[in-house]
Amino acid sequence: MTSPTVLHTPPEYPESQRPDFVQRLHRPEPLMKARELAFLMFDKRDLVRAERFWQDFGLITVSRTADRLVMRAAGGAPAVLVATRARRSRYVGAAFVAPEGADLPHIARQLGGQAVPPDQVPGGGRAISLRDPDGHRVWLIQGSARVDPLPVREPITNQINTLTQTPRVNATVRPPIAPARIGRLGHVVMQTTDFRLMADWYMRVLGIIPTDVQYLPDGQPLLTFFRLDLGGTPSDHHTVVIAGGLEPKYEHSAWEVEDIDALGQGQQVLKANGHRHMWGIGRHVLGSQLFDYWYDPDGFEFEHYTDGDVFTADHETRYVPFAPGSIWAWGDDVPPTMLPKKSPALLWKVFKLWRSGRLDLPRLIQSGKVLDTPARPWL
Ligand SMILES: [Fe+2]
């Protein structure tokens with residue numbers, strides 16, 4: 001039996017072979033090339049609740065005072081998450097590791113940034129603080145100390161038995177029922193009302209490379225997955241994602257766990273502890289990773305993932321039509337909360353955009369039409 005015709009993998013075009021109508025995403029000259037996404041910064045109304053979720057999610061507390069919570073993962077980064085107590089919970093921004101040769105004071109002068117007091121930087125070192133075009137904080141850090149990695153168990157999936165290969169003999173699969181151990185912070189996804197401005201800023205400041213550019217039916221780029229430029233060293237398919245939308249906001253962040261069994265057992269632990277599940281387990285198309293999405297107590301999205309793609313800097317940028325179906329290869333349907341809900345609040349956002357002169361109506365109509373097309377009508 002053949003597959004129904006509705007099942008198909010979206011096309012993708014290397015930049016040099018993209019269709020004529022598809023616009024190339026221009027890459028500005030970078031000020032430097034970031035080495036790593038270091039940590040994320042949040043304001044949180046309730047640090048105790050936030051810590052409880054993040055511990056069940058798989059992070060480890062480094063320090064918590066009445067006003068500040070610092071968490072790490074199992075890897076060598078001194079921190080992957082810094083939360084400050086505030087009246088309103090919100091995403092504040094992200095910190096990146098800058099190469100030793102980068103002239104941070106010069107970048108700060110060019111972009112209107114300031115030096116960060118050294119005692120504010122986990123692991124010490126020198127840092128500057130910038131604002132991206134949407135007002136998110138971006139720290140660039142040099143000279144932070146690393147910490148000793150914590151033990152992680154051997155992967156179980158390198159001994160997976162398949163139809164043609166049975167490397168696992170006289171051995172069972174018994175992953176421990178424990179929070180998924182997170183090794184490191186993988187990526188952060190931001191929505192913006194001005195895709196080109198934000199994409200240009202992040203490419204210029206971080207030297208990031210577009211891995212996959214998603215375009216609208218008229219060929220305009222709308223959403224892009226960017227990876228770090230580490231030359232010949234492979235880097236994740238995406239470390240930063242910028243998506244055009246109706247408001248500037250944190251979309252989600254993603255955290256790499258040991259393997260697929262950590263993903264599955266981690267889901268059990270989070271469910272057993274009463275946390276709110278969002279989406280998964282499934283496999284993404286762009287990036288290929290296995291995913292499982294969760295809401296923290298304030299409704300911010302956090303993704304567990306494993307088995308993602310990595311590319312060296314010479315891998316050519318791909319162009320892919322924007323469509324909900326291109327988000328995931330298999331798994332449950334995209335939850336409605338991931339897509340804009342038609343409501344008075346949505347109309348208000350559109351009105352605010354129009355009033356501020358930032359509404360691109362043809363773009364809005366195109367993306368609305370695409371999002372209205374069910375990706376998996378059988379789900
Ligand atoms: Fe993600």
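Residues numbered from 1 in each chain as written. Predicted model: local features only at pLDDT ≥ 70, side-chain atom pairs only at ≥ 80, totals over all residues. Heavy atoms only, no water.

Q: I'd like a description of unusual backbone geometry, backed by residues and values.
A: Look at the link from G280 to I281: it is a cis peptide, with omega at 5°. Mapped onto the secondary structure, I281 falls in strand β16 (residues 276-284). One non-glycine residue, S288, adopts positive backbone phi at about 65°. For S288, the location among the structural elements is in the loop between β16 and β17 (290-295). In this structure, D307 takes a positive phi of about 60° despite not being glycine. Among the structural elements, D307 can be located in the loop between β18 (301-306) and β19 (310-311). On the basis of relative accessible area, D307 is assigned to the partly exposed category, the value being 43%. (Helix = DSSP H or I, 4+ residues; strand = E, 2+ residues; numbered from the N terminus. Buried < 20%, exposed > 50% of the residue type's maximum accessible area, 1.4 Å probe, protein only.)

Q: An account of the sheet that holds strand β1 (residues 13-14) is needed here, citing residue identities and associated values.
A: Read from one edge to the other, the open sheet built from 11 strands follows the order β1-β20-β11-β12-β14-β10-β15-β18-β17-β16-β21, with strand pairing classed as mixed. Every interior strand has two partners, whereas the edge strands, β1 and β21 (328-330), have only one. Note that strand β12 (residues 221-227) and strand β14 (residues 240-244) share 4 bridges and pair antiparallel. Within β14, the residue paired with F225 across the bridge is V241. Along the sheet, helix α4 (residues 260-272) makes contact with β15 (249-257), β16, β17 and β18, crossing β17 at roughly 20°. (Pairing = 2+ DSSP bridges. Contact = heavy atoms within 4.5 Å. Axes fitted to C-alpha atoms, helices over the stretch in contact; angles between N-to-C directions.)

Q: Explain the coordination of the iron ion to me, using residue names and the numbers behind them.
A: The coordination sphere of the iron ion, as far as protein atoms go, consists of H187 (NE2), H252 (NE2) and E303 (OE), spread over 2.0 to 2.2 Å. Between the donor residues of the iron ion, the gaps in sequence give the motif H-x64-H-x50-E. Residue H187 is found in strand β10 (residues 182-192), and its partner E303 is found in strand β18; the two are separated by 116 residues along the sequence. Taken individually, H187 and E303 each receive the classification buried, so the pair is uniform in this respect. (Donors = N, O, S within 2.8 Å, 3.2 Å for Na, K, Ca; no water.)

Q: Account for the pattern of salt bridges, with residues named and values stated.
A: Within this structure, the stated rule accounts for 15 salt bridges. In this structure, the salt-bridge partner of D296 is K44, at a minimum N-O distance of 2.5 Å. Pair noted here: D296 is in the loop between β17 and β18 and K44 is in strand β2 (residues 36-44), with a separation of 252 residues, a long-range link. Exposure class is identical for D296 and K44. Each is buried. In this structure, the salt-bridge partner of R184 is D236, at a minimum N-O distance of 2.7 Å. Here the residue R184 occupies a position in strand β10, and D236 occupies one in strand β13 (residues 235-236), the gap between them amounting to 52 residues. For D236, a relative accessible area of 14% corresponds to the buried category. Taken together, the salt bridges that share partners define one network made up of K44, D296 and D298. (Salt bridge = Lys/Arg side-chain N within 4 Å of Asp/Glu carboxyl O.)

Q: So what's going on with a nonpolar patch on the surface? Residues and values would help.
A: Taken together, the side chains of W348, F351 and W354 define a hydrophobic patch exposed on the protein surface, amounting to about 370 Å² of accessible area. As for its position among the elements, F351 is in helix α5 (residues 344-355). The exposure class assigned to F351 is partly exposed, which follows from its relative accessible area of 34%. (Patch = residues over 30% accessible without salt bridge, like charges linked within 9 Å, V, L, I, M, F, W, Y side chains within 5 Å. Areas by Shrake-Rupley, 256 points an atom, 1.4 Å probe, with all protein chains shown as cover.)

Q: Help me get a handle on the sheet that holds strand β7 (residues 114-115), residues and values and all.
A: By definition, the strands of a sheet pair up through backbone hydrogen bonds, in either a parallel or an antiparallel sense. If you walk across this open sheet you meet the 8 strands as β3-β4-β5-β2-β6-β9-β8-β7, and the pairing is mixed. Lying at the two open borders of the sheet, with one neighbouring strand each, are β3 (60-64) and β7. Sheet strands touched by helix α1 (residues 47-57): β2, β3, β4 (68-72) and β5 (81-85). Its angle to β4, the strand with the most contacts, is close to 5°. Docked against the sheet, helix α2 (residues 104-111) engages β7, β8 (126-131) and β9 (137-142), running at close to 15° with respect to β8.

Q: Account for the packing of aromatic side chains, naming residues and giving values.
A: Counted under the stated rule, the structure contains 20 aromatic pairs. Consider the rings of F42 and W54, whose centres lie 6.0 Å apart with planes at 50°: the pair is tilted. Of this pair, F42 sits in strand β2 while W54 sits in helix α1, and the two are 12 residues apart along the sequence. With respect to class, F42 is no different from W54; both count as buried. An aromatic cluster of at least three residues, connected via ring pairs, comprises F42, F53, W54, F57, Y91, Y250, W255, F300 and F302. Sitting over the face of the ring of Y319, R18 holds its NZ or CZ atom 5.8 Å from the ring centroid. Its end group placed over the ring of Y295, R276 keeps NZ or CZ at 4.2 Å from the ring centre. (Phe/Tyr/Trp six-rings, centres within 6.5 Å; stacked < 30°, edge-to-face > 60°. Lys NZ or Arg CZ within 6 Å of the ring centre and 35° of its normal.)

Q: Quick one: what's the story with the pairing of β18, residue by residue and with numbers?
A: By the criterion of burial, β18 is predominantly enclosed, with 6 of the 6 residues buried. Neither face of β18 is left uncovered, since the one carrying E301, E303 and Y305 and the one carrying F302, H304 and T306 both have all their residues buried. In this sheet, β18 lies alongside β15 in parallel orientation, the contact comprising 5 bridges. Residue pairing across strands places W255 opposite H304, the latter belonging to β18. With 6 bridges connecting them, β17 and β18 associate as antiparallel partners. For Y293, the partnering residue across the bridge sits in β18 and is E303. Turn length for the β17-β18 hairpin, with the two strands adjacent in sequence and antiparallel, is 5 residues, and the turn residue G299 shows positive phi of about 85°.

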